[in-house]
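A look at the structure
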Amino acid sequence: MAGGNERSMKALKEVWKRAENSLCADCGKPDPDWASSTLGVFICLSCSGIHRNIPSISKVKSLKMDYWDDAQVQFLAKHGNAVTKAIYEAHIPIYYYQPTYNDCQVLREQWIRAKYERKEFTEPGKQLPYSDGVKEGILWKRGRDNGQFLPRKFLLSEREGCLKYFTKQDAKEPKINAKIDVINATFQPEKIGNPNGLQITYLKDNKTRNIFVYHESGKEVVDWFNAIRSVQFHYLKVAFPIASDNEIKNRLTRNFLKEGYMEKTGPKQREAFKKRWFTLDHRRLMYFKDPLDAFAKGEVFVGSGENGYSVQKGLPSGTQGNFSWHYGITIVTPDREYLFTCETETEQLEWIRAFTSVINQAMTPQEYAIEAYFKFKS
C-alpha cells in the first residue's frame, strides 16, 4: 500500500512540474499547489477557494497535503492546464477582461464561473450577456452630495456610442450622457465599501468625473464591466480601422497605476501641505479631498522624460511649507515643480516607481493634445 502511494506521489510530481502547470490556470499566479480532480487544472490557494464554492463542477485538493489515488493522478496527467484551457477558453472574446491574481475577488470568481460553470467560452459565436452592443438595467449609484447609494437606471448603447444614467425609471432625459471613448471602469471594492463596487470615470469638459456604483449580483456587475469593454472595442475598431485587435484591446478599461494619500503644497511652495487623496490614471495625477469625491480638486499632467518631465526623491532644499509627513517627492515639469510628501518610505518609493513608469514612456499625439490643454488651463 505504501509503495502504491509512493508511486502515485511520484507520478503526481511529474505532472505537476510540467511547464504548462507552473502557473495557476485561472489567475496566472506562479507555483500553484492545488488542483481540481474533476477539471484537471492546477490552481493557486486563492482560486481553489472559489472552486470550492462550485462543488458540482470542481473538487479541489492540495497537492502537498492531500492523498491522490492512481485514477486521479492519471486524470490530471491526461488533462493539465493546457488541455483544459483549450476546452474552456477556446472562444474568449478579445475584449473580455481576464483577471490576474492582483485583481479583486468578484472579477476572479466570475471569470472562473464563466469558464467552468456557465461554459461561456466553449462554443464559437455563443450569445453572451455582454456582447449585444446594448445593456440596460439598475445599478446602485452613490449620491454626489449625500453619499447614499440609490437605484438608478443605466443604459449602454453601442449604436449611440455612450453610457447614460437616469435619476428616475421613467425619465426621458439622462442625468449624464458619457461618450464611450472617454469612459474608464475599474473595480474598487475597498474604496467603495462593497465587494462588487465599480468606479466609472469619464471626461466632461476635459475634467475627470467619478461615478461609484455596485450591484448585489457579482455576475451582473462584471457583465456591465465587460459590456463597457465590448462597446469600447467595437467603437475603436471603427475609429482606428488599421489598428490590430491587440492594440485596441490595450486601450480598453484600465486599472489606476497608483492611489493613496499624500500631502501637497501650493504653487508658491510656501503654503502648508494639505492631505489629499491622489489617483494616478496614466498621465493624469488627480487629487481629491475625499477618495469618493465626484470631481477632482485639481489635476497634474505627467509627461515624458524627453519632454522635460522627471521625478525626484525628496524636496528641494529650503522648502518652507509646513508638512507632517517627511518622505518627499518632487515632480519636475517644463513649467514648475510639484511637491508632495508621503507618510512612509514604502509609499514614497511606490509613488516614485509609478511616476517613473509613466515618464519613461513616449507620449502619443493624443497626449500632446492633453498636455496643451493643461498648459492652456494653467
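Keep in mind that this is a model prediction, so the values were computed, not measured. Here the residue numbering is sequential within each chain, running from 1 through the sequence in written order. In keeping with the model being predicted, local features are shown solely for residues with a pLDDT of at least 70 and side-chain atom pairs are shown and tallied solely at 80 or more, while totals for entire chains, interfaces and linings include all residues. The basis for every side-chain value is the complete set of non-hydrogen atoms in the structure, without hydrogens or water.

1. A word on the packing of helix 5 (residues 105-117) against helix 7 (residues 218-239)
The following threshold applies: Helix axes are fitted only over the stretch in contact, all axes being lines through C-alpha atoms; the angle between N-to-C directions runs from 0 to 180 degrees. Under the DSSP-based scheme used, a helix requires at least four consecutive residues in state H or I and a strand at least two consecutive residues in state E, with every element numbered from the N terminus. Every angle not falling under 35 degrees, over 145, or within 65 to 115 is termed oblique; those three ranges are roughly parallel, roughly antiparallel and roughly perpendicular. What makes two residues a contact is simply this: any of their non-hydrogen atoms within 4.5 Å. Polar here means any residue outside two lists: the nonpolar Ala, Val, Leu, Ile, Met, Phe, Trp, Tyr, Cys and Pro, and the charged Asp, Glu, Lys and Arg; Gly therefore counts as polar.
Interhelical geometry of helix 5 versus helix 7 gives an angle of 90° and a closest axis separation of 10 Å. With respect to helix 7, the axis of helix 5 lies roughly perpendicular. From helix 5, Val106, Leu107 and Gln110 reach across to helix 7, where they touch Gly218, Lys219, Val221, Val222 and Phe225. Broken down by class, the residue content of the contact of helix 5 with helix 7 amounts to five nonpolar, two polar and one charged.

2. Points about the state of the cysteines
Throughout this description, disulfide means a covalent bond between two cysteine sulfur atoms. The condition that has to hold: In what follows, a disulfide is any cysteine sulfur pair within 2.5 Å. Note on classification: 1.4 Å probe, protein chains only; a residue is buried when its accessible area is under 20% of the maximum for its type, exposed when over 50%, partly exposed between these limits.
Throughout the structure, instances matching the rule amount to zero disulfides. Cys44 supplies the cysteine sulfur nearest to Cys47, a cysteine that is in no disulfide, at a spacing of 3.8 Å. With no disulfide of its own, Cys104 has Cys47 as its nearest cysteine by sulfur position, at a separation of 12 Å. Note on Cys104: relative accessible area 17%, which makes it buried.

3. Regarding the sheet that holds strand 12 (residues 274-281)
For the record, the criterion: Note: two strands are recorded as paired if DSSP finds a minimum of 2 bridges between them.
On the basis of which strands lie adjacent, the open sheet formed by seven strands has the order 14-13-12-11-17-16-15 and antiparallel pairing. Two strands close off the open sheet at either side, each with one partner strand: strand 14 (298-301) and strand 15 (310-313). Adjacent strand axes in the sheet meet at a mean angle of 35°, parallel and antiparallel pairs treated alike. With six bridges joining them, strand 16 (residues 327-332) and strand 17 (residues 337-342) adopt antiparallel strand pairing. Counterpart to Val332 in the pairing with strand 17 is Glu337. The strands touched by helix 9 (residues 345-359) are strand 11 (258-264), strand 12, strand 13 (284-288), strand 15, strand 16 and strand 17; relative to strand 11, the strand with the most contacts, the crossing angle is about 110°.

4. Some points on unusual backbone geometry
A positive phi angle, near 50°, is found at Lys119, a position not held by glycine. Counting through the fold element by element, Lys119 comes out in the loop between helix 5 and strand 4 (134-142). Judged by relative accessible area, Lys119 falls into the partly exposed class, the value being 40%. A positive phi angle, near 55°, is found at His282, a position not held by glycine.

5. Observations regarding the UniProt feature "domain: Arf-GAP" (unreviewed entry) in the chain
Short version of the rule: UniProt positions are given in the numbering used here, feature names are shortened, and annotations may be inferred rather than shown by experiment.
The UniProt record marks residues 6-129 with the feature "domain: Arf-GAP" (unreviewed entry), using the residue numbering of this structure. In residues 6-129, the share of helix is 40% and the share of strand is 6%. The end C-alpha atoms are 48 Å apart.

6. Some thoughts on the environment of Ser244
Here Ser244 lies in the loop between helix 7 and helix 8 (245-249). We classify Ser244 as partly exposed; its relative accessible area is 33%. As for Ser244 and Gln74, which are separated by 170 residues in sequence, their C-alpha atoms are 41 Å apart.

7. Comments concerning the nonpolar core
Short version of the rule: To form a nonpolar core, buried Ala, Val, Leu, Ile, Met, Phe, Trp, Tyr and Cys residues must be joined to one another through side-chain atoms within 4.5 Å. Reported domain spans reflect what an automatic or database domain assignment gives.
Ranked by internal contacts, the top residues of the largest apolar core, which has 55 residues, are Phe187 and Ile200. By residue number, the principal contributor to this core is helix 7, which donates nine residues. When residues of this core are assigned to domains, at least three fall in each of domain 1 (1-117) and domain 2 (134-250). The residues touching Ile200, leaving out its near neighbours within four places in the chain, are Leu163, Ile183, Asn184, Ala185, Arg209, Asn210, Ile211, Val213 and Ile228.

8. Regarding the environment of Ala272
The topology assignment puts Ala272 in the loop between strand 11 and strand 12. In this structure, the C-alpha to C-alpha distance between Ala272 and Ser324, residues 52 residues apart in sequence, is 9.6 Å. Not counting residues up to four positions away in its chain, the partners in contact with Ala272 are Lys264, Thr265 and Asn322.

9. Considering the pairing of strand 10 (residues 207-214)
Remark: a regular strand shows side chains that alternate across the two faces of the sheet. With respect to burial, strand 10 is a largely interior element, seven of its eight residues being buried. The pairing of strand 4 with strand 10 spans two bridges and is antiparallel. Bridged to Trp140 within strand 10 is Tyr214. In sequence, strand 9 (residues 198-204) turns back onto strand 10 through a hairpin of two residues, with Asp205 there showing a positive phi of about 55°.

10. A word on empty space enclosed by the protein
Threshold: Both cavities and pockets are sets of points on a 1 Å grid over the protein atoms alone; in a cavity a 1.4 Å probe fits but cannot get out, in a pocket the set is open with protein on both sides within 12 Å along at least five of seven lines, and lining residues sit with an atom within 4 Å of a point. Grid points are joined across faces, edges and corners, and a volume is the space filled by probe spheres set on the points.
This structure, assessed with the given rule, holds three cavities of 30 Å³ or more. For the largest cavity, the calculated volume is near 50 Å³. Lys141, Arg142, Gly143, Arg144, Arg209, Asn210, Ile211, Phe212, Leu292 and Ala294 together form the lining of the largest cavity. Put simply, the parts of the chain that give the lining of the largest cavity at least two residues each are strand 4 and strand 10.

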